[in-house]
Structure formats: C-alpha cells, structure tokens
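# Coordinate analysis (summary)
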Amino acid sequence: HVGSWEYDLNAKTMHWSAELYRILGYKPDRDVPSCVALTAHMNEDDRRSFQQLCDEVASSQKPRRGNFRVDVGDDTHYLHAEMRPVVGHEGKSEWVIGTMHDVTDAWRLEEARNDFVSLASHQLRTPATVVKQYLHVLLDGMAGRLTPEQQTLAQKAFDGNERQLRIANDLMRVVQFESGRLKLKKSSADLAKLLPTVIADLRPQL
C-alpha cells in the first residue's frame with residue numbers, strides 16, 4: 001500500500017510507481033503522471049496543502065510529510081505522504097521524491113475507535129449523572145437527616161461519582177483532541193492539594 005513518485009524540477013516531468021497508479025485509481029497505459037494528476041482527486045484544502053509541501057521541500061531542501069484525502073471512484077482514501085529533495089552538484093534541488101502510503105484501513109479503524117469511545121463515555125455519564133442527583137438529595141437532607149457517619153459515606157460516594165464523570169469527560173476530550181477539535185491549554189497544578197485526594201482514594205485498598 002505504498003506508492004512512490006519522482007519529480008524532475010528542471011524538466012518538469014514526473015514518474016510514478018505501479019502501486020501509486022493503483023492507489024490513485026489510474027491506469028499506467030492510459031494516464032500520464034503529472035503534478036496535476038497527482039492532486040486531481042484531493043479536496044481543495046488538501047490539494048493546496050500538498051502543493052505547499054512540495055514547494056517547501058524544493059526551496060528549503062528539507063523533508064516534509066502530511067496526510068491527505070483522495071477520492072478514488074465513490075470512495076475516499078486517506079494517504080500519508082512523505083517527500084524529500086535530491087540536491088545536485090550546484091547545491092540546488094533537482095528532484096523531489098516522495099511516497100504515498102494508503103492508510104485508509106488504519107484511519108477507519110481509528111474513527112471506529114473514536115466513535116466507540118464517544119459512545120462509551122456518553123453511556124458512562126448518563127447513569128453517573130442520575131446517581132449524582134440522588135446523592136445530592138441525600139447530602140442536602142431532603143430524604144431525611146443523615147448521621148455523621150452516613151454523611152461521610154454519602155460524601156465519599158458523591159466524590160467517587162464525580163471522578164467517574166470527570167473520567168467520562170476526559171475520554172470525550174481525548175477524542176476531540178485527536179481529531180483536532182480540541183486545543184489543550186497547560187496550567188499549574190498544586191500537588192499539595194492533589195495528594196490528599198489521591199491518599200483518600202487509595203486508603204480503603206491500603
């Protein structure tokens with residue numbers, strides 16, 4: 001599932017491997033390899049990104065990589081592309097060589113995993129939210145006055161349920177982050193305040 005290509009920057013000619021023809025849905029005896037044909041089935045944003053990478057490789061003489069979507073027939077394929085320059089005797093880039101790896105199966109597996117995590121986190125949150133409401137009723141005394149010991153146990157149950165809700169929310173954020181829909185913002189954490197909570201969680205096991 002890895003095809004390769006070579007582009008002569010001086011002659012403006014291109015060569016594709018047989019596997020790249022197959023990946024892009026072209027026929028070696030019918031279609032002429034070119035930069036236009038290489039990007040013809042990419043969506044507009046990906047086409048611009050790919051062309052920008054090619055220009056950067058030629059000008060900066062440094063390798064580049066990226067992920068792109070290509071429509072092959074009625075199906076969308078996901079490709080991982082890598083490219084690097086070939087520098088001539090005068091120190092100028094004369095060729096750009098690259099590979100395209102069809103990672104469609106891995107991409108779809110990742111999408112299925114993300115869908116599962118999203119569904120699982122939602123299913124975890126729903127009952128946890130109901131439990132939280134009932135514990136609120138107990139802690140607020142709306143179902144009768146609790147003894148100090150009962151109050152402590154109910155508070156521990158409430159805190160544990162809150163952690164479960166945070167875990168479910170964190171799972172959702174992981175999916176959003178990996179899909180590029182969430183940007184992480186770093187902040188300071190007070191370990192002195194965090195440690196007592198960790199100790200309280202582990203004390204029953206100890």
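Below, the structure is looked at part by part. No experiment lies behind these values; they were computed from the predicted model shown. As a convention, each chain's residues are numbered from 1 in the sequence order in which they are written. pLDDT decides what is reported in this predicted model: residues at 70 or higher carry local features, side-chain atom pairs at 80 or more are listed and counted, and totals for whole chains, interfaces and linings draw on all residues regardless. Heavy atoms from the whole structure form the basis of all side-chain values; hydrogens and water molecules are not counted.

### Details of the packing of helix 4 (residues 104-139) against helix 5 (residues 148-178)
Here helix 4 crosses helix 5 at 155 degrees, and the two axes come no closer than 8 Å. Taken together, the axis directions place helix 4 and helix 5 in an arrangement best described as roughly antiparallel. At the point where helix 4 passes helix 5, the crossing takes the left-handed sense. Each residue receives one of three labels: charged for Asp, Glu, Lys and Arg, nonpolar for Ala, Val, Leu, Ile, Met, Phe, Trp, Tyr, Cys and Pro, and polar for the others, Gly being one of them. For the contact of helix 4 with helix 5, the residue count by class is 14 nonpolar, ten polar and six charged. For helices, the fitted line uses only the C-alpha atoms of the stretch in contact; every axis is such a line through C-alpha atoms, and the angle between N-to-C directions lies from 0 to 180 degrees. Put simply, DSSP marks the helices as runs of H or I at least four residues long and the strands as runs of E at least two long, and each gets a number from the N terminus on. When an angle is under 35 degrees it counts as roughly parallel; over 145 it counts as roughly antiparallel; between 65 and 115 it counts as roughly perpendicular; any other value is oblique. Should the near helix be turned anticlockwise from the far one by less than a right angle, the crossing is left-handed, and should it be turned clockwise, the crossing is right-handed.

### Re helix 3 (residues 44-60)
The end-to-end C-alpha separation of helix 3 is 24 Å, in line with the 24 Å expected for 17 residues at 1.5 Å each. Buried within helix 3 are the following residues: Asp46, Phe50, Leu53, Cys54 and Val57. Here the buried residues of helix 3 occupy an arc of 95 degrees about the axis, which is enough to place them on one side. Along helix 3, exposed side chains directed more than 90 degrees from the buried face belong to Glu44, Asp55 and Ser59. Contacts described as polar in this section are N or O atom pairs within 3.5 Å, which, within protein, must combine one atom able to donate a hydrogen with one able to accept it, while residues neighboring in sequence count only if both atoms come from side chains. Its side-chain oxygen placed 3.2 Å from the backbone nitrogen of Asp45, Asn43 serves as the N-cap of helix 3. Under the convention used throughout, the expected extent of a helix is 1.5 Å for every residue step, that is, one less than its residue count. To sort residues, take the accessible area from a 1.4 Å probe on protein chains only and compare it with the maximum for the residue type: under 20% means buried, over 50% means exposed, and anything in between is partly exposed. Here the arc refers to the directions that run from the helix axis out to each C-beta atom.

### What to know about the environment of Thr76
Take Thr76: it is sitting in strand 4 (residues 75-87). In this structure Thr76 comes out as partly exposed when scored by relative accessible area, which is 28%. When the C-alpha positions of Thr76 and Arg30 are compared, they lie 22 Å apart, and in sequence the two are 46 residues distant. Contact criterion: two residues are considered in contact whenever any of their non-hydrogen atoms come within 4.5 Å of each other. Leaving out residues up to four positions away in the same chain, Thr76 has contacts with Arg69, Val70, Asp71, Thr104 and Arg108.

### Overview of helix 6 (residues 191-202)
For helix 6, with twelve residues, the first-to-last C-alpha span of 16 Å sits near the 16 Å given by 1.5 Å per residue. If you check the start of helix 6, you find a side-chain oxygen 3.0 Å away from the backbone N of Ala192, and it comes from Asp190.

### What about the packing of aromatic side chains?
Stacked, edge-to-face and tilted labels apply to pairs of Phe, Tyr and Trp rings (six-membered ring for Trp) whose centres lie within 6.5 Å, assigned for plane angles under 30 degrees, over 60, and everything in between, in that order. One pass over the structure, following the stated rule, counts five aromatic pairs. Measuring from ring centre to ring centre gives 5.1 Å for Trp16 and Tyr21, while their planes differ by 65 degrees; the resulting arrangement is edge-to-face. The same class applies to Trp16 as to Tyr21, namely buried. Their ring planes at 80 degrees and their centres at 5.2 Å tell us that Phe50 and Phe68 sit as a pair that is edge-to-face. Linking Phe50 in helix 3 with Phe68 in strand 3 (residues 64-72), this pair joins segments that are 18 residues apart in sequence. Across the pair, exposure class does not vary: Phe50 and Phe68 are buried alike.

### Here's the deal with the sheet that holds strand 2 (residues 13-16)
Note on pairing: two strands pair once DSSP finds at least 2 bridges between them. Spatially, the five strands line up as an open sheet ordered 2-1-5-4-3, and their pairing is antiparallel. Only two strands of the sheet have a single partner each, and these edge strands are strand 2 and strand 3. Adjacent strand axes in the sheet meet at a mean angle of 25 degrees, parallel and antiparallel pairs treated alike. Looking at chain direction, strand 1 (residues 2-8) and strand 5 (residues 93-102) are connected through seven bridges and run antiparallel. The residue of strand 5 that forms the bridge with Ser4 is Thr99. Running over the sheet, helix 3 touches strand 1, strand 3, strand 4 and strand 5 and is turned about 145 degrees from strand 3. Helix 4 contacts strand 4 and strand 5 of the sheet and is inclined by roughly 125 degrees relative to strand 4.

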